[in-house]
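# Inside the fold
Listed below are the residues making up each chain.
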Amino acid sequence: MIRVDRAELTRNEVIRVAANRFLNDGYTKTTVASMAKALSMSTGNMTFHFPTKEHMLAELVNMLCRYQKELMEDEAKDGESSVMAICLELITIASACEQDEVANDFFLSSYQSKMCMDLIRKSDKARAKEVFKDYCSDWTDEQFTEAETLVSGIEYAILLTTSDSAPIETRVAGALNTILTIYNVPKEMREEKIKKVLSMNYKALGLDTLKKFRKYVDQTTEQALFDLLKRKQIAQ
């Protein structure tokens, strides 16, 4: 007999509400108390499933990592190179953050969280091993780990803007050149990929990618809840 733990259903509901609030109202502005109220549960019950708001953010970051992986696979099917996909990902995130305050809050909060950074670096390291294998064929696992530590710092730096920050084109071009250099991508290819991404309508791409990610999160959380309820019906 298949059994569905009530705690599993509650946990899924918390993730669904937290993801929706973080991506629409903002991570920083959203409180545990407001989410508990929306779910008609006590804050104590909510923190039983997720000790802190950061733990909920980590769930959303996990979804982001899966989404980015699926997006790269789709772009590969459309004939886009994996290196180009990495470049597109960076400029779309930077562009989305520059145009959308909530997106900027989400990404900056994720990069400032050690828990989330561990997830991001682990996911990005796995992708880097595949994308840059031809340029780093003799690299050890430790070298890829160190490279991603540097890359994540570069990514965070271009998102954390001030009134004195350079234009997005300059920041992205410099960041991509440094990242691709770290992974031994030849200069000619680096210049080609950077020129190509900067020639695109990256502002529209950034907002469109953000819209699609929000939709992906909604569909993912709803599907997870549907699957759990279906298992519950089977068990009865």
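Everything here concerns the structure above.
Let us look at the structure shown here.

Another point: the overall build of the protein chain. Helix and strand counts for the protein chain come out as 11 helices and zero strands. Of the regular secondary structure in the protein chain, the N- to C-terminal order runs α-α-α-α-α-α-α-α-α-α-α. The C-alpha radius of gyration computed for the protein chain amounts to 19 Å, which stays within 12% of the reference 18 Å derived for 236 residues, consistent with globular compactness. With the C-alpha coordinates aligned to their principal axes, the bounding extent of the protein chain is approximately 60 × 45 × 30 Å. By residue count, 44% of the 236 residues in the protein chain fall in the buried class. A fraction of 76% describes how many contacts in the protein chain between residues 6 or more apart in sequence connect residues 24 or more apart.

Among the nonpolar cores identified, the biggest contains 68 residues, and Leu60, Phe106, Phe132, Leu159, Tyr183 and Phe213 are the most heavily contacted of them. The biggest single contributor to this core is helix α5 (residues 82-99), with 11 residues. The residues touching tyrosine 183, leaving out its near neighbours within four places in the chain, are Ala128, Phe132, Tyr135, Cys136, Trp139, Phe144, Ala147, Glu148 and Val151.

In this section: helix α1 (residues 6-24). Helical geometry: 3.6 residues make up each α-helical turn, so side chains three or four residues apart lie on a common side. Helix length check: α1 (19 residues) gives 27 Å between terminal C-alpha atoms against 27 Å at 1.5 Å per residue, within 8%. Within the span of α1, buried status applies to Leu9, Thr10, Asn12, Val14, Ile15, Val17, Ala18, Ala19, Phe22 and Leu23. Downstream of α1 by a residue or two, glycine 26 has a phi angle that is positive, lying close to 115°.

Per the stated rule, a full pass over the model turns up 13 salt bridges. The network of salt bridges with common partners includes Glu89, Asp124 and Arg127.

The next subject is the packing of aromatic side chains. For the coordinates displayed, the defined rule picks out 10 aromatic pairs. With a centroid separation of 6.2 Å and an interplanar angle of 20°, the aromatic rings of tyrosine 111 and tyrosine 156 are classed as stacked. A residue pair is termed long-range when its members are at least 10 positions apart, and tyrosine 111 in helix α6 (residues 101-112) and tyrosine 156 in helix α8 (residues 141-159) qualify at 45 residues. Judged by its relative accessible area of 23%, tyrosine 156 falls in the partly exposed class.

Residues other than glycine predominantly adopt negative phi, and peptide bonds predominantly adopt the trans conformation. Phi is positive for serine 40, close to 55°, though the residue is something other than glycine. Relative to the helices and strands, serine 40 resides in the loop between α2 (32-38) and α3 (43-49). With relative accessibility at 70%, the residue serine 40 sits in the exposed group. Of note, the phi angle at asparagine 184 is positive, near 65°, even though the residue is not glycine. Along the polypeptide, asparagine 184 turns up in the loop between α9 (168-182) and α10 (187-198). The exposure class of asparagine 184 is partly exposed, given its relative accessible area of 39%.

Procedures and definitions
- Residues numbered from 1 in each chain as written.
- Predicted model: local features only at pLDDT ≥ 70, side-chain atom pairs only at ≥ 80, totals over all residues.
- Heavy atoms only, no water.
- Helix = DSSP H or I, 4+ residues; strand = E, 2+ residues; numbered from the N terminus.
- Rg over C-alpha atoms; globule rule 2.2 N^0.38 Å.
- Buried < 20%, exposed > 50% of the residue type's maximum accessible area, 1.4 Å probe, protein only.
- Contact = heavy atoms within 4.5 Å.
- Core = buried A, V, L, I, M, F, W, Y, C linked by side-chain atoms within 4.5 Å.
- Expected span 1.5 Å × (residues − 1).
- Salt bridge = Lys/Arg side-chain N within 4 Å of Asp/Glu carboxyl O.
- Phe/Tyr/Trp six-rings, centres within 6.5 Å; stacked < 30°, edge-to-face > 60°.

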